[in-house]
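Commentary on secondary and tertiary structure
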Amino acid sequence: MTDHARYAERSVERLLAQYREYLSVVHAIEQMKSQRLTHAAALSTAQGVSIGDILAQGDADTTLRDDARMIRLLEQHRDHISNEMTFANPLIWIMYKDRAYRG
């Protein structure tokens, strides 16, 4: 295997690891959003107001504020991963696309 091919293979492996991390963070964001809605629903029931009103006043409740902060942090992390995923050349891009989306 040539040096260029080894470099491409290492680059693709790194990109695939980043992609797996990206998917994991996306999943965590969805879980946090679901958790936030669950908390909002519980508050809505307890206070006798709509979920929309609870979410509009999200900063008034510590749990909802913490959920929103965690969602923002996870979204920033997701964006950072995405921005770090660069393709040095077309060969690496093609190899990555083939392996990342196979099956």
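Thresholds, definitions, all that
Residues numbered from 1 in each chain as written. Predicted model: local features only at pLDDT ≥ 70, side-chain atom pairs only at ≥ 80, totals over all residues. Heavy atoms only, no water. Helix = DSSP H or I, 4+ residues; strand = E, 2+ residues; numbered from the N terminus. Buried < 20%, exposed > 50% of the residue type's maximum accessible area, 1.4 Å probe, protein only. Salt bridge = Lys/Arg side-chain N within 4 Å of Asp/Glu carboxyl O. Phe/Tyr/Trp six-rings, centres within 6.5 Å; stacked < 30°, edge-to-face > 60°. Axes fitted to C-alpha atoms, helices over the stretch in contact; angles between N-to-C directions. Parallel < 35°, antiparallel > 145°, perpendicular 65-115°, else oblique. Left-handed = near helix turned anticlockwise from the far one by under 90°. Nonpolar A, V, L, I, M, F, W, Y, C, P; charged D, E, K, R; others polar. Contact = heavy atoms within 4.5 Å.

Overview of the environment of Q47
- Inspection of the secondary structure puts Q47 in helix α1 (residues 3-47).
- A relative accessible area of 49% means that Q47 is categorised as partly exposed.
- Between the C-alpha atoms of Q47 and D79, which are 32 residues apart in sequence, the distance is 36 Å.

A word on the pattern of salt bridges
- Scanning all chains against the criterion turns up 6 salt bridges.
- Note that K33 is salt-bridged to E75, the shortest N-O span being 3.8 Å. Here E75 lies in helix α3 (residues 62-84) and K33 lies in helix α1, a separation of 42 residues in the sequence.
- For K33, a relative accessible area of 36% translates into the label partly exposed.
- Take E75: its relative accessible area is 22%, and that puts it in the partly exposed class.
- Residues D79 and R78 are paired through a salt bridge, measuring 3.1 Å at the closest nitrogen-oxygen approach.
- One connected set of salt bridges, linked through shared partners, spans E9, E13 and R99.

Describing the environment of Q35
- Within the fold, Q35 resides in helix α1.
- We classify Q35 as partly exposed; its relative accessible area is 33%.
- Sequence separation between Q35 and D67 is 32 residues; the distance between their C-alpha atoms is 7.7 Å.

Comments concerning the packing of aromatic side chains
- Counted under the stated rule, the structure contains 4 aromatic pairs.
- Geometrically, the ring pair formed by F87 and Y96 is tilted, given 5.3 Å between the ring centres and 50° between the ring planes.
- With relative accessibility at 31%, the residue F87 sits in the partly exposed group.
- An aromatic cluster of three or more residues is present, and its members are Y19, F87, Y96 and Y101.

Quick look at the packing of α1 against α3
- Between α1 and α3, whose axes approach to 9 Å, the crossing angle comes to 165°. If you check the angle between α1 and α3, you find them roughly antiparallel. The element α1 and its partner α3 pack so that their crossing is left-handed.
- Tallied by class, residues from the contact of α1 with α3 come to 14 nonpolar, 6 polar and 8 charged.

Considering the packing of α1 against helix α4 (residues 90-100)
- At a closest axis distance of 9 Å, the pairing of α1 and α4 adopts a crossing angle of 45°. Overall, the two elements α1 and α4 adopt an arrangement that is oblique. Seen from above, α1 lies across α4 with right-handed handedness. Residues H4, Y7, A8, E9, S11, V12, E13, L15, L16 and Y19 of α1 form the contact with α4, whose own contacting residues are L91, I92, M95, Y96, R99 and A100.
- Here the contact of α1 with α4 is built from residues that sort into 11 nonpolar, 2 polar and 3 charged.

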